[in-house]
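Letter by letter, the chains look like this.
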Amino acid sequence: MSGKAGQGTVRGRDFRLFWFGETVSLLGNGIAVVALPFVAVLTLHAGTFVVGLLTSVTYLPWLLLGLPAGAWVDRLPRRPVMLVSDAVSFVAFGSVPVAAWAGVLTIPHLLAAAFVCGCASVFFTTAQRAYLPTLLSDTELLAGNARLQGSESTAEVIGPGLAGMLVQAFGAVAGLLANALSFLVSWGSLRAVRITEPPPAPPEVRRRRLRTEVRDGLRFLFQDRILRTLAVFSAVSNIALTGMSSIEVAFLVRTVGAGEAMVGVVLTLCGLGGILGVLVSRRVSRRFGSARAVVICLGGAAPFTLFFPLTGPGAGLAFFVVGGVGVGAGVVAANVITDTFRQRYCPPDLIGRVSASAAVISFGAIAVGGLLGGVLGELSGVREAMWMMTGLYALATAILLCGPIRRLRDFPESALPLPAARPEKAVP
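Quantities reported herein were computed from a predicted structural model and do not represent experimental measurements.

(A) Expanded view of the packing of helix H10 (residues 225-245) against helix H14 (residues 317-345). Contact geometry of H10 with H14 gives a least axis separation of 13 Å together with a crossing angle of 150°. Between H10 and H14, the angle is such that the two are roughly antiparallel. Where H10 crosses over H14, the two elements pack in a sense that is left-handed. Facing Ile-226, Leu-227, Leu-230 and Leu-241 of H10, the residues of H14 in contact are Val-327, Val-331, Thr-338, Phe-341, Arg-342 and Tyr-345. Looking at side-chain class alone, the contact of H10 with H14 contains eight nonpolar, one polar and one charged residues.

So, in structure tokens, the structure goes:
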């Protein structure tokens, strides 16, 4: 009996181990998303630009390594790639509290740790997306993606609150220590998975030029109208949303005047939107069709971005919560559906490269958004930067509504083959 048929169910042992490790790691990330800017603001007294730069350097590796990472992942077994990535992330994040307790932590050290973990995340995320179809059958992918996205959304709910409590009780760097330890749990859980992966690419494929491998993934992505539209929307919307999220801690602490614990509470409540998105994703997809559901969810999220810059002190914090819940529900529900669509739609031998190509555009835009948010916040004011990012998200929604997806009820199950590219000589 094959591993996939015997163990690759949503309730199977291997998927449960994988899911548990990912859940713990995502919880650590949920803590770090808040703890990292807290370290910059409270421990190192950094300005708004540095806080935005932290987000930018975390995702910058997608621009530098994302495309070749997709080709490498398609040539290699995926689980060892993820194991090495977890180990690197543990060392990088673990070095920050050690340096802080030794009294030698600096802003360059914090930026370097964020960059190294970003590099590890490129390989882990690319390998994970290509690995999941090994654990689950096609009919189980939507449920599996929903559970993983549910874990991410739950982590976004619990993580900020835990970060706020850890910061108040043990100092800002305690949250980063918790994140480092979460990578150890992820490594151990992944190490215990027993399912056998398909063999890596044959020698003649591994000898092909790297640029040819990269070009194949990009070519498949950009010659497909649906994938291309999703990629462009993702890029513009991520610049907008990351531009806001990269400066949200500075906005809530310095502009609105909220304390550390209250920031944790507000961001925890915002994370409830992601859980709502997971819960409704399959129902909305079945009711309206997968493609139409994506348009409804992402278009419906747009008006909620207006609530972020309206936030004020005291009861005015409710504006931020309403915006976070609305945007989170729409974006997460759409992510569950589109991730499943890509995993079913892309040929198995191209999935790593296509996923990496889409991720380069998406996460590369996050790097741009983090930097843009920091720059605009420094030059024109944090609240003004929030308004600018709201307008940019409206533009992203217009791109989606003008594309071919709005005319579809459901996404297609498989892609039409592309014309063959000109062959290249193998590397001797």
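(B) Broad picture of the packing of aromatic side chains. In total, this model carries eight aromatic pairs according to the counting rule given. Measuring from centroid to centroid gives 4.9 Å for Phe-308 and Phe-320, while their planes differ by 65°, and the two rings are edge-to-face. Here the residue Phe-308 occupies a position in the loop between helix H13 (290-301) and H14, and Phe-320 occupies one in helix H14, the gap between them amounting to 12 residues. Under the relative-accessibility criterion, Phe-320 is labelled buried at 2%. Residues Phe-341 and Phe-411 carry aromatic rings whose centres are separated by 4.3 Å and whose planes lie at 20° to one another, so their mutual orientation is stacked. Remark: Phe-411 occurs in the segment after helix H16 (382-401) and Phe-341 occurs in helix H14; sequence separation between them is 70 residues. For Phe-341, a relative accessible area of 5% gives the class buried. The exposure class of Phe-411 is buried, given its relative accessible area of 7%. A connected cluster of aromatic rings, assembled from ring pairs, spans Phe-251, Phe-308 and Phe-320. Looking at Arg-287, its charged tip hangs above the ring of Phe-288, at a distance of 5.0 Å from the centre.

(C) Up close: a positive patch on the surface. Together, Arg-225, Arg-228, Arg-406 and Arg-407 give the surface a local cluster of positive charge. Tracing the sequence through the fold places Arg-225 in helix H10.

(D) The arrangement of a nonpolar patch on the surface in detail. On the surface, Leu-60, Leu-63, Leu-64, Val-368 and Leu-372 cluster together to form a nonpolar patch covering roughly 390 Å² of accessible area. For the nonpolar patch, the secondary structure elements donating two or more residues are helix H3 (48-75) and helix H15 (351-380). Sorting elements by how many residues they give to the nonpolar patch places H3 first, with three residues. Overall, the relative accessible area of 44% leaves Leu-63 in the partly exposed class.

(E) Quick look at helix H2 (residues 13-43). With 31 residues, H2 extends 42 Å from end C-alpha to end C-alpha; this agrees with the ideal 45 Å at 1.5 Å per step. Taken as a whole, H2 carries its principal kink of about 30° at Ala-32. Positioned one or two residues after H2, His-45 has a phi angle of 55°, which is positive.

(F) Quick look at the environment of Ser-380. In this fold, Ser-380 is placed in helix H15. Under the relative-accessibility criterion, Ser-380 is labelled partly exposed at 31%. If sequence neighbours within four positions are ignored, Ser-380 has contacts with Ala-385 and Met-388. Within the local environment of Ser-380, its side chain forms a polar contact with the backbone oxygen of Leu-376, the two atoms lying 2.8 Å apart.

(G) Summary view of the side chain of Gln-128. Mapped onto the secondary structure, Gln-128 falls in helix H5 (residues 107-135). Exposure remark for Gln-128: the relative accessible area of 15% places this residue in the buried category. Ignoring any residue separated from it by four or fewer positions in sequence, one finds Gln-128 in contact with Phe-18, Glu-22 and Met-82.

How each quantity is defined
Residues numbered from 1 in each chain as written. Predicted model: local features only at pLDDT ≥ 70, side-chain atom pairs only at ≥ 80, totals over all residues. Heavy atoms only, no water. Axes fitted to C-alpha atoms, helices over the stretch in contact; angles between N-to-C directions. Helix = DSSP H or I, 4+ residues; strand = E, 2+ residues; numbered from the N terminus. Parallel < 35°, antiparallel > 145°, perpendicular 65-115°, else oblique. Left-handed = near helix turned anticlockwise from the far one by under 90°. Contact = heavy atoms within 4.5 Å. Nonpolar A, V, L, I, M, F, W, Y, C, P; charged D, E, K, R; others polar. Phe/Tyr/Trp six-rings, centres within 6.5 Å; stacked < 30°, edge-to-face > 60°. Buried < 20%, exposed > 50% of the residue type's maximum accessible area, 1.4 Å probe, protein only. Lys NZ or Arg CZ within 6 Å of the ring centre and 35° of its normal. Patch = residues over 30% accessible without salt bridge, like charges linked within 9 Å, V, L, I, M, F, W, Y side chains within 5 Å. Areas by Shrake-Rupley, 256 points an atom, 1.4 Å probe, with all protein chains shown as cover. Salt bridge = Lys/Arg side-chain N within 4 Å of Asp/Glu carboxyl O. Lys, Arg positive; Asp, Glu negative; His and termini not counted. Charge placed at Lys NZ, Arg CZ, Asp CG, Glu CD. Expected span 1.5 Å × (residues − 1). Bend = angle between axes of the 7 residues up to and from the residue. Polar contact = N/O pair within 3.5 Å; in protein donor to acceptor, adjacent residues only side chain to side chain.

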